[in-house]
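So the chains spell out like this:
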Amino acid sequence: FAAVLVLLESPFGQTSPAPAEGVGLNPLLRHPSMMIHPPMLYSGYTLFAVPFAFAVGALITRRLNADWIRGTRPFTLAAWFFLGVGIVLGARWSYSELGWGGYWAWDPVENASLMPWLTGTAFLHSVMIQEKRGMLKVWNVSLVLATGTLAILGTFLVRSGILESIHAFGASTLGVPFLGLIVLMIGGSIALVASRAESLRSAHRLDSLLSREAAFLLNNLVLVALCFVVFWGTFFPLISEAVTGTEASVGPPWFNRYITPLALALVVLSGIGPLIAWRRATAANLRRNFTVPVAAGVLTLAACVAAGVRGNAGALLMFAFAAFVLGAVGQELARGVRARRAMAKESVPRAVLSVVRRNRGRYGGYLVHAGVAVMFVGVAASSAFQEQRLVQLRPGATERVGDYAVTYVKPTSAVVAAPNGRLERIDLGAVLSVRRGDAPPRTLTTYKSYFPSTDPSLGPISRFFEGEATSEVGLQAGLRRDLWTAIAPDIGRLLPRIPEGDEVFADADELTPEQRGA
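Residues numbered from 1 in each chain as written. Predicted model: local features only at pLDDT ≥ 70, side-chain atom pairs only at ≥ 80, totals over all residues. Heavy atoms only, no water.

## Comments concerning the sheet that holds strand β2 (residues 404-417)
Strand pairing in a sheet takes place through backbone hydrogen bonds and is either antiparallel or parallel in direction. What the five strands build is an open sheet, ordered β1-β2-β3-β4-β5; its pairing is antiparallel. Each edge of the sheet is formed by a strand with only one pairing partner; in this case those strands are β1 (398-401) and β5 (469-472). When the angles between neighbouring strand axes are averaged without regard to direction, this sheet yields 30°. (Pairing = 2+ DSSP bridges. Helix = DSSP H or I, 4+ residues; strand = E, 2+ residues; numbered from the N terminus. Axes fitted to C-alpha atoms, helices over the stretch in contact; angles between N-to-C directions.)

## Some thoughts on the environment of P252
Tracing the backbone shows P252 in helix α9 (residues 252-275). Its relative accessible area of 38% is what places P252 among the partly exposed residues. C-alpha of P252 to C-alpha of W104: the two residues are 148 residues apart in sequence and 9.1 Å apart in space. With sequence-adjacent residues up to four places away left out, P252 is seen in contact with A105 and W106. (Buried < 20%, exposed > 50% of the residue type's maximum accessible area, 1.4 Å probe, protein only. Contact = heavy atoms within 4.5 Å.)

## Side note on the nonpolar core
Residues L59, W68 and V141 are the most contacted members of the largest nonpolar core, which totals 77 residues. In contact with V141, not counting residues within four places along its chain, are A55, L59, W68, V193 and L200. In terms of nonpolar packing, the next biggest core, distinct from the first, is built from nine residues, A430, V434, L483 and I487 among them. (Core = buried A, V, L, I, M, F, W, Y, C linked by side-chain atoms within 4.5 Å.)

## A closer look at the side chain of S96
Locating S96 in the fold gives a position in helix α4 (residues 67-97). Exposure remark for S96: the relative accessible area of 9% places this residue in the buried category. Those residues in contact with S96 that lie beyond four places of it in its chain are H31, S471 and V473.

## Concerning the environment of L77
With respect to the helices, strands and loops of the structure, L77 is situated in helix α4. Note on L77: relative accessible area 40%, which makes it partly exposed. Along the backbone, L77 and G24 are 53 residues apart, and their C-alpha atoms lie at a distance of 35 Å.

## A closer look at unusual backbone geometry
If a residue is not glycine, its phi is most likely negative; likewise, a peptide bond is most likely trans. Positive phi values are uncommon outside glycine, yet R62 reaches one of about 60°. For R62, a relative accessible area of 49% puts it in the partly exposed group.

## Some words on the confidence of the model for the protein
When pLDDT is averaged along the protein, the result is 86; 94% of the residues meet or exceed 70. Element-level pLDDT for the protein is lowest in helix α16 (residues 513-517), with a mean of 64, against a maximum mean of 94 in strand β4 (residues 442-450). (pLDDT = per-residue confidence, 0-100.)

## Some points on the side chain of T121
Within the secondary structure, T121 is located in helix α5 (residues 108-133). The exposure class of T121 is buried, given its relative accessible area of 9%.

## A few points about the pattern of salt bridges
One pass over the structure, following the stated rule, counts 11 salt bridges. The shortest N-O distance in the salt bridge between D403 and R436 comes to 3.5 Å. Taken together, the residues span a long stretch of sequence, with D403 in the loop between β1 and β2 and R436 in strand β3 (residues 423-436) at a distance of 33 residues. Residue classification places D403 among the partly exposed positions, given a relative accessible area of 45%. (Salt bridge = Lys/Arg side-chain N within 4 Å of Asp/Glu carboxyl O.)

## Quick word on the packing of aromatic side chains
Under the defined criterion, the tally for this structure stands at 15 aromatic pairs. Ring centres of F231 and F235 lie 4.7 Å apart, and the angle between their planes is 35°; this geometry places the pair in the tilted category. In this pair, F231 and F235 are both assigned in helix α8 (residues 212-244), four residues apart and thus about one turn of the helix distant. Geometrically, the ring pair formed by W254 and F255 is edge-to-face, given 5.3 Å between the ring centres and 90° between the ring planes. Pair check on accessibility: W254 and F255 agree, each one buried. (Phe/Tyr/Trp six-rings, centres within 6.5 Å; stacked < 30°, edge-to-face > 60°.)

## Re a nonpolar patch on the surface
A surface patch of nonpolar side chains, about 420 Å² in accessible area, is lined by L5, V6, L7 and L8. Judged by relative accessible area, L8 falls into the partly exposed class, the value being 43%. (Patch = residues over 30% accessible without salt bridge, like charges linked within 9 Å, V, L, I, M, F, W, Y side chains within 5 Å. Areas by Shrake-Rupley, 256 points an atom, 1.4 Å probe, with all protein chains shown as cover.)

## Section: the pairing of strand β7 (residues 482-485)
Burial of the side chains of β7 is restricted to one face: L483 and T485 are buried, whereas none of D482 and W484 on the reverse face is. Between strand β6 (residues 474-477) and β7, which pair antiparallel in sequence order, lie four residues.

## Re the packing of helix α3 (residues 49-61) against α4
In the contact formed by α3 and α4, the axes pass within 9 Å of each other and the chain directions differ by 165°. The orientation of α3 with respect to α4, classified from their angle, is roughly antiparallel. The handedness of the crossing between α3 and α4 comes out as right-handed. Every residue of α4 that contacts α3 at V50, P51, F54, A55 and A58 is listed here: W68, T72, F75 and T76. For the contact of α3 with α4, the residue count by class is seven nonpolar, two polar and no charged. (Parallel < 35°, antiparallel > 145°, perpendicular 65-115°, else oblique. Left-handed = near helix turned anticlockwise from the far one by under 90°. Nonpolar A, V, L, I, M, F, W, Y, C, P; charged D, E, K, R; others polar.)

Dropping the structure here:
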């Protein structure tokens with residue numbers, strides 16, 4: 001990387017001619033999430049280099065016990081955490097800024113960040129089996145090496161321009177060096193694992209399919225299958241062009257067809273793992289541990305059907321499976337607190353703190369499982385039960401969307417100047433009144449911002465309507481639903497006035513900054 005900076009892409013290159021003043025941050029990126037999203041992703045990508053390097057070192061020196069795993073655990077957890085935070089912040093930015101009300105579009109660069117997170121998650125689960133039973137050594141080292149390689153692949157996708165993406169930098173001179181590095185990492189990893197196969201032999205075998213080891217292994221297979229589906233869909237344009245000579249791509253429906261059943265399996269396995277015993281589960285153990293969580297899932301499914309939630313079996317199953325996971329986590333926490341109170345005679349809050357503090361890894365894992373279940377509930381609900389409406393409204397008109405009556409109160413406009421007095425953007429928007437049932441109406445404001453183009457051939461006014469435009473949404477967020485509004489102003493009537501404005505400001509250089517701003 002140092003060689004790339006010094007020899008190929010120096011960050012100290014000069015722009016010619018040098019601009020008198022910078023143009024500022026890209027308009028799409030002016031969102032609080034974007035202050036944190038890039039460094040979070042960067043931290044996750046780069047920290048995954050540490051377990052990758054330790055795995056390579058362990059393979060070269062044949063020190064293949066669990067010591068290298070314990071040494072890299074903090075780095076792996078930190079990388080997984082930062083990458084996960086970065087992904088969630090990027091989804092939040094998409095939801096607010098891209099103008100389509102979604103949080104995931106299966107864009108190649110989005111997928112590039114998800115793939116190492118999935119394999120990193122699989123590694124964090126399977127290392128517990130190696131530490132406890134001395135199993136899955138080949139699997140663990142392969143997952144670490146794959147995660148490190150996929151992290152570099154994400155950088156390659158952003159910087160090479162080989163796939164179209166709203167996140168990519170376009171054509172770059174870095175494609176070949178990064179491709180060479182990826183080939184070296186893949187080839188070296190395969191060679192090292194193959195040459196150390198004898199040393200990586202497991203100390204024990206799987207005793208039973210009804211065991212925690214088997215649940216973790218199935219969980220890993222699902223995570224790797226998810227990663228493979230994302231990889232195949234992301235690179236399908238290149239694969240199809242290489243095989244058929246014609247570039248073809250797949251869209252969100254293709255991803256959803258394969259991701260949905262795998263996501264359902266992942267959620268239910270995340271509830272089974274903490275409940276089932278190591279080595280071999282007995283019928284009594286299964287009955288004792290699964291009765292309450294299964295009842296929670298069945299009752300949730302029945303409640304959803306009774307409440308009229310129909311039309312999407314996948315979403316209903318996800319609600320039931322998430323309730324199963326939350327029931328499992330709640331049951332395990334309740335048992336730990338009950339045992340602690342019996343031993344130490346502590347109050348419930350103090351017993352909760354004591355139990356969690358004494359076994360942070362275990363209950364931290366439970367918290368993550370609960371969080372993933374809640375996240376998938378949100379994904380299932382927003383995917384299966386969203387209602388979208390695109391309408392043309394005049395001021396005073398009302399449109400019904402589901403249970404809501406949305407009234408277009410009035411249009412808004414604003415000319416926004418930067419602190420230096422320079423005209424920064426033109427906003428055209430709307431004030432909306434939203435009423436649900438007999439509740440008092442709420443006001444939402446949405447607008448579209450027009451930023452100037454840097455094309456010197458455009459006039460002082462027309463450059464704002466030939467440049468980049470961003471939508472700022474009006475959002476009423478709630479626990480059960482979000483109401484999301486965005487405006488697409490019809491600027492057709494403005495078109496005759498824009499050339500007039502260009503003429504008025506043709507001699508803007510003769511104006512003072514105060515006059516120009518006004």
